[in-house]
Amino acid sequence: MTASMPERSGRHNLDPHLDRYAARTAGMTASEIRALFAVASRPEVVSLAGGMPNLAALPLDSLSAQMAELIAEDGLVALQYGSAQGIPVLREQICEIMALEGISAHADDVVVTVGSQMGLDMVTRIFCDPGDVVIAEGPSYVGALGSFAAYQAQVVHVAMDDNGLVPEALRDALAQAEKAGRRVKFLYTIPNFHNPAGVTLAVERRAEILAICREHGVLVVEDNPYGLLGFDGQTYPALRSLDPENVVYLGSFSKTFASGLRVGWVLAPHAVREKLVLAAESATLCPPTLNQLVVSRYLATHDWKGQIKTFRENYRERRDAILSALEQHMPAGCSWTRPDGGFYVWVTVPEGVDTKAMLPRAVTARVAYASGTGFYADGFGSRQMRVSYCYPTPERIREGVRRLAGVLESEMDLVRTFGNVSMKPISGPENPSPDTA
């Protein structure tokens, strides 16, 4: 006689482990558009969806020689376990990089992570209990929303304008949460060249936002992967530089060097640092030593500032191409942000058009984008889309926007003929992937 798992309510479950999962897995929802991106990766499709950096400008010959030397000279160290906090020399170099944005930090307070996504996950893990509130810009980075959902935190979005997070909107959101007895753990913000909105937090707003958070006893988590990619070379004062004791700073080499190495970091107040190291130990034991040493040698032996300048020039050319193409091709009633750095433009389409419903038809027309609903925790964003200019060539960008405009014109004709047939918003963020990073 063999034992079998009972079926819930007499129904057959495709997943025999369904009753075993922790309650928190309910927030781990799969992207509804991931399958479309498998199609969008075909060469005939112009993808304006992904946030993949363009690595063609990297000095691959010298990097390959450097990696061979690293294994030959330090292979026994590079291929061994390391510290959960990261190798000391890289942490010191990270402090030098952050100094460009006015941050004065000690290497002891830096924790190296497997990409900044791991840092974000660990910060959420150590601060958020189920039901706690996280304040985030609306829209917000899809990977952050996925982490918050996984730990059962509730996201309250705060409005942005062309100058970034609106201070009064933040003040109102915090006051409403307090009035309702809800526990706000931190503000999550991307101040520079926002993903997905493309806007930058005005310098004159930064101190005010920090003061509001201090007034309400709320931590600030500053995510800054794009801060050195301003097209005019300008760097903005990091929030961390203005309030070291109340800001946890997330950084990454994915956008300024190589995303495949998966090396990021967290700079945190000393007591928080201790908790992060413990969280890192339980998650990975240690970040890969080899990858850290590759980054460290690159910083020590290459003109990394000159390389970032090259990246900026490449992305500025692509930004100019997408803005001019949007101006030329997009139908009346559309609007979009004009980023001064980073990877993204945030497009708003006319009333009645649902960008999530339109996406399969766009892929059929051989162009892809990221629909806006994935960047909200509450189902909003159906009239928005994120278009990325970082990866395609300027020529491909212009052709992609031309195709996208044609799809949008057809969609607007359908709306004029049949009325608004937009899909009902479905609450919950999508999990991150390289297509939406």
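Preceding block: the structure.
No experiment lies behind these values; they were computed from the predicted model shown.

**Things to note about the environment of Leu210**
Item 1. Within the secondary structure, Leu210 is located in helix α7 (residues 203-215).
Item 2. Setting aside residues up to four positions removed in sequence, Leu210 forms contacts with Val220, Leu239, Leu242, Asp243 and Val247.

**Observations regarding empty space enclosed by the protein**
Item 1. Applying the stated criterion to the full structure yields three cavities of 30 Å³ or more.
Item 2. Here the largest cavity is characterised by a volume of approximately 160 Å³.
Item 3. Of all elements in the fold, only α3 (88-98), β8 (247-252), α9 (254-258), α11 (289-301) and α12 (304-329) reach the threshold of two or more residues within the lining of the largest cavity.
Item 4. For the lining of the largest cavity, the per-class residue count stands at 13 nonpolar, four polar and one charged.

**Comments concerning the nonpolar core**
Item 1. Counting residues in hydrophobic clusters, the biggest one holds 75 residues, and the most contacted among them are Leu90, Met98, Phe253, Phe257, Ile322, Val345 and Val387.
Item 2. At nine residues, the largest contribution of residues to this core is made by α12.
Item 3. Among the domains, domain 1 (23-51 + 307-416) and domain 2 (75-301) are the pair contributing at least three residues each to this core.
Item 4. In contact with Met98, not counting residues within four places along its chain, are Ile103, Ala105, Val110, Tyr249, Trp265 and Leu267.
Item 5. By size, the runner-up hydrophobic cluster in this structure holds 34 residues, among which are Val142, Ala144, Leu219 and Val221.

**Some words on α3**
Item 1. Within the span of α3, buried status applies to Leu90, Arg91, Gln93, Ile94, Cys95, Ile97 and Met98.
Item 2. Elements that come into contact with the buried residues of α3 comprise β2 (110-113), β8, β9 (264-267), α11 and α12.

Rules of the game
- Within each chain, residue numbers correspond to sequence positions counted from 1 in written order.
- With pLDDT at 70 or above as the cut-off, local features in this predicted model cover only qualifying residues; side-chain atom pairs require 80 or more to be listed or tallied, and sums for whole chains, interfaces and linings still use all residues.
- In computing side-chain properties, one takes all heavy atoms of the structure into account and sets aside hydrogens as well as water.
- Each helix corresponds to a stretch of at least 4 residues labelled H or I by DSSP, and each strand to a stretch of at least 2 residues labelled E; elements are numbered beginning at the N terminus.
- Residue contacts follow a heavy-atom distance rule, with two residues in contact if any of their heavy atoms lie within 4.5 Å.
- In this analysis, the protein atoms alone were mapped onto a 1 Å grid. Cavities are point sets where a 1.4 Å probe fits without being able to get out; pockets are open sets with protein on both sides within 12 Å along at least five of seven lines; lining residues have an atom within 4 Å of a point.
- Grid points are joined across faces, edges and corners, and a volume is the space filled by probe spheres set on the points.
- Under the convention adopted here, Pro, Cys and the residues Ala, Val, Leu, Ile, Met, Phe, Trp and Tyr are nonpolar, Asp, Glu, Lys and Arg are charged, and Gly plus all remaining residues are polar.
- Among the buried residues, those of types Ala, Val, Leu, Ile, Met, Phe, Trp, Tyr and Cys that are joined through side-chain atoms within 4.5 Å form a nonpolar core.
- We call a residue buried when its accessible area falls under 20% of the maximum for its residue type, exposed when it is over 50%, and partly exposed in between, using a 1.4 Å probe and counting protein chains only.
- Where each domain starts and ends follows an automatic or database-derived domain assignment.

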